[in-house]
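# Observations on the three-dimensional arrangement
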Amino acid sequence: MKFTCNQQTLTKALNTVSKAVSNRTTLPILKGILLEAKTDGKLIMTASDLEISIQKETEAYVEEEGSIVVISKLFGDIIRKLPNEEISIESNEENSVLIKTSSSEFTVVSFPVDEFPKIGEKEEIKDDLIFDKEIFKDMVRKTSFAASIDESKGILVGILTEIGKEKVSMVALDGFRLALANENMTSAEENKFIISAKIMNEISKIISDDETDDDIRILMGEKKAVFNIGTTEVILRLMEGEFIKYKEIIPKNNDINVIIGKSILLESIERASLLAKEGKNNLIKMTIKNNLLTITSRSEEGNVKEEIIMEKTGDDLEIGFNSKFIIDVLKAIDDEEISMNFKTGTSPCVVKPVEGNSYEYLILPVRIPSM
């Protein structure tokens, strides 16, 4: 195998496929990237950790077709450190790879190609979805933070995507908060699938790096999905199991409604959380009275009080929260004003837009001791 490719082109492709390289595997081959040089001037890079596989196609000048597997970290570090010029890469029969520029020359070892996992074995396609790339990224951003990061929680590490005939929804929850994002989208068929939030975030990063204006194409199988993003193909395993019936969790009849500026609320809670962090559970207390929202926090190091003007309907209320959970929600919202809905000091708070239903967040309260 022998080909020549620009350093920046190689670096961008490596940055994409290396997202699928496993760092915790006992199989050395999964720490590698498969390079395939084709006579039609295509260089195909592939990486896989058996849960997600990423394949990236890029342009190259191919003198001799062939394929090799190189150690991802070493190969990537070398390519990134080389100057922005043409790089020649050549393999020999002794499992060595020669990497050359006008002033540098490296020789590194390679792995046997036949040990690399076969990722081309795709399932029968049951559905073919077209997704606007910006909508997809925005919905993942609005929900992924609420998924559990504890692998023992099973399905709760995933994001449920529900495709309706006129609407698409994504939802994530971890037992303490729930995030739901809705967008208008027409589809001939209804479908739903669960993909881990970690993988969904990686797909969002690939979309951000993609320089085309193309929509995302998602090919759905029984247990796998294929995401086509420009010249990148992502093959991943769908999570199995029944997602929690989230619609039954969200309260529908909260009598206390607060309309408040999102930015000023976020800034106030962030300041209050400086002392909340010194406590045991980032606890802040909200006192809702007349047209004033008072946020307080207390620890051995001191106390803080913030006051914000608001619009309120319903009774007065005192309620406590883990400040991090509210901050995460507010950072995901773009609106200038939000609606916060309460029932009692021990019932969940629901955060929604003042108008429409593009998102809905549920945050469980924390019991407040005397503060």
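Here the structure is shown first, and the text comes after it.
Residues numbered from 1 in each chain as written. Predicted model: local features only at pLDDT ≥ 70, side-chain atom pairs only at ≥ 80, totals over all residues. Heavy atoms only, no water.

## Remarks on unusual backbone geometry
Its identity is not glycine, yet Leu 50 carries a phi of approximately 80°, on the positive side. At Asn 95, a residue that is not glycine, the phi angle is positive and equals roughly 60°. With respect to the helices, strands and loops of the structure, Asn 95 is situated in the loop between strand S7 (86-91) and strand S8 (96-100). (Helix = DSSP H or I, 4+ residues; strand = E, 2+ residues; numbered from the N terminus.)

## With respect to the sheet that holds strand S25 (residues 349-353)
Reading across the sheet, the nine strands line up as S14-S11-S12-S13-S26-S25-S24-S18-S22 and stay open at both edges, with antiparallel pairing between neighbours. If you trace the sheet from one side to the other, it starts and ends with strand S14 (191-196) and strand S22 (311-313), each paired once. For this sheet, the mean angle separating the axes of adjacent strands, direction not counted, is 15°. Along the sheet, helix H4 (residues 197-209) makes contact with strand S11 (158-163), strand S12 (167-173) and S14, crossing S14 at roughly 95°. Sitting on the sheet, helix H6 (residues 323-332) touches strand S13 (177-184), strand S24 (337-342), S25 and strand S26 (359-363), and the angle it makes with S26 is about 175°. (Pairing = 2+ DSSP bridges. Axes fitted to C-alpha atoms, helices over the stretch in contact; angles between N-to-C directions. Contact = heavy atoms within 4.5 Å.)

## Describing helix H2 (residues 72-81)
Taken together, the buried positions of H2 are occupied by Ser 72, Phe 75, Gly 76, Ile 78 and Ile 79. When H2 is viewed along its axis, its buried side chains cluster within an angular range of 160° and face the same direction. In this structure, H2 carries Lys 73 and Lys 81 as exposed residues pointing more than 90 degrees from its buried face. Structurally, H2 contributes buried residues whose contacts are with helix H1 (7-17), strand S2 (32-37), strand S6 (66-71), S7, S8 and strand S9 (105-111). (Buried < 20%, exposed > 50% of the residue type's maximum accessible area, 1.4 Å probe, protein only. Arc of directions from axis to C-beta.)

## Quick notes on the nonpolar core
Residues Phe 227, Leu 265 and Met 286 are the most contacted members of the largest nonpolar core, which totals 98 residues. If we ignore the near neighbours within four places in the chain, the residues touching Met 286 are Leu 265, Ile 269, Leu 293, Thr 294, Ile 295, Leu 317, Glu 318, Ile 319, Phe 321, Ile 326 and Met 340. (Core = buried A, V, L, I, M, F, W, Y, C linked by side-chain atoms within 4.5 Å.)

## Brief notes about the pattern of salt bridges
The full count for this structure, using the stated rule, is 24 salt bridges. Its salt-bridge partner being Lys 42, residue Glu 59 comes within 2.8 Å of it at the nearest N-O pair. Here Lys 42 lies in strand S3 (residues 42-48) and Glu 59 lies in strand S4 (residues 52-59), a separation of 17 residues in the sequence. For Glu 59, a relative accessible area of 51% puts it in the exposed group. For Lys 42, a relative accessible area of 21% puts it in the partly exposed group. One salt bridge in this structure joins Lys 285 and Glu 318, with 4.0 Å as the shortest N-O distance. (Salt bridge = Lys/Arg side-chain N within 4 Å of Asp/Glu carboxyl O.)

## Remarks on H1
Among the residues of H1, Gln 7, Leu 10, Thr 11, Ala 13, Leu 14, Thr 16 and Val 17 are the ones counted as buried. Taking the backbone nitrogen of Gln 8 as reference, a side-chain oxygen 2.9 Å away marks Asn 6 as the first, capping residue of H1. (Polar contact = N/O pair within 3.5 Å; in protein donor to acceptor, adjacent residues only side chain to side chain.)

## A closer look at the packing of aromatic side chains
Summed over all chains, the structure comprises five aromatic pairs. For the pair Phe 131 and Phe 136, a centre-to-centre distance of 5.3 Å together with 85° between the ring planes defines the contact as edge-to-face. Judged by relative accessible area, which is 1%, Phe 131 ranks as buried. Look at Phe 136 and you get buried, because its relative accessible area is 0%. (Phe/Tyr/Trp six-rings, centres within 6.5 Å; stacked < 30°, edge-to-face > 60°.)

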